[in-house]
Amino acid sequence: YTNMLQMLPKKRMIPQENNMADSDASSVSSHVSQVSDVSTSNERKPKRQRTEEEKKHDRIMANRRSARESRERKRKIMENLEFTVQRLTDENKDLQKLNEKLQLQVETLILLSDAKS
């Protein structure tokens, strides 16, 4: 029991403005509740058999969680795809403009070279 008390984290107690007896009683009850929390968490309770209804409920909850995660993954993929489509569309427009500009330059150079010959 004393080993368990030593293992407990030191909790800083804020004294109340009541008389000292109230403060001591409060700290003792707080300390006792901490000890009881630790003792119950360290003890292994034997596992009881889960009912079919509990198993079904757990499966349903796991399926819901999985479906929610799947929807979130799909949403992120769609956002990324939409962003990529927009970026590629903009890039395509820019390249089309550049292509038209270069075609005009080529035509101009051809006309200039034909005029010199």
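Only a predicted model underlies this, so the values are computations on that prediction, with no experimental measurement involved.

1. What to know about the overall build of the protein
Scanning the protein from terminus to terminus reveals 3 helices and 0 strands. Written out in order from the N terminus, the α and β elements of the protein read α-α-α. Expressed as a percentage of the 117 residues in the protein, the buried residues total 4%. For the protein, the accessible area works out to roughly 11,500 Å², and carbon and sulfur atoms hold 55% of it.

2. Observations regarding the pattern of salt bridges
Applying the stated criterion across every chain, the model contains 6 salt bridges. Between Lys-55 and Glu-52 there is a salt bridge, with its nearest N and O atoms 3.8 Å apart. With Lys-55 and Glu-52 both in helix α3 (residues 52–116) and 3 residues apart, the pair spans about one turn of that helix. The class of Lys-55 is partly exposed, set by a relative accessible area of 30%. Overall, Glu-52 belongs to the exposed group, its relative accessible area being 58%. Between Arg-75 and Glu-79 there is a salt bridge; the shortest N-O distance is 2.4 Å.

3. Quick notes on a nonpolar patch on the surface
There is a patch of nonpolar side chains on the surface, built from Ile-77, Met-78 and Leu-81 and spanning about 280 Å² of accessible area. As for its position among the elements, Ile-77 is in helix α3.

4. Observations regarding the confidence of the model for the protein
When pLDDT is averaged along the protein, the result is 79; 64% of the residues meet or exceed 70. The least confident element of the protein, judged by mean pLDDT, is helix α1 (residues 2–7) at 51; the most confident is α3 at 96. With pLDDT under 50 throughout, residues 17–21 is counted as low confidence; its partners more than four residues away or in other chains account for 0 contacts.

Scoring rules and cut-offs
Residues numbered from 1 in each chain as written. Predicted model: local features only at pLDDT ≥ 70, side-chain atom pairs only at ≥ 80, totals over all residues. Heavy atoms only, no water. Helix = DSSP H or I, 4+ residues; strand = E, 2+ residues; numbered from the N terminus. Buried < 20%, exposed > 50% of the residue type's maximum accessible area, 1.4 Å probe, protein only. Areas by Shrake-Rupley, 256 points an atom, 1.4 Å probe, with all protein chains shown as cover. Salt bridge = Lys/Arg side-chain N within 4 Å of Asp/Glu carboxyl O. Patch = residues over 30% accessible without salt bridge, like charges linked within 9 Å, V, L, I, M, F, W, Y side chains within 5 Å. pLDDT = per-residue confidence, 0-100. Contact = heavy atoms within 4.5 Å.

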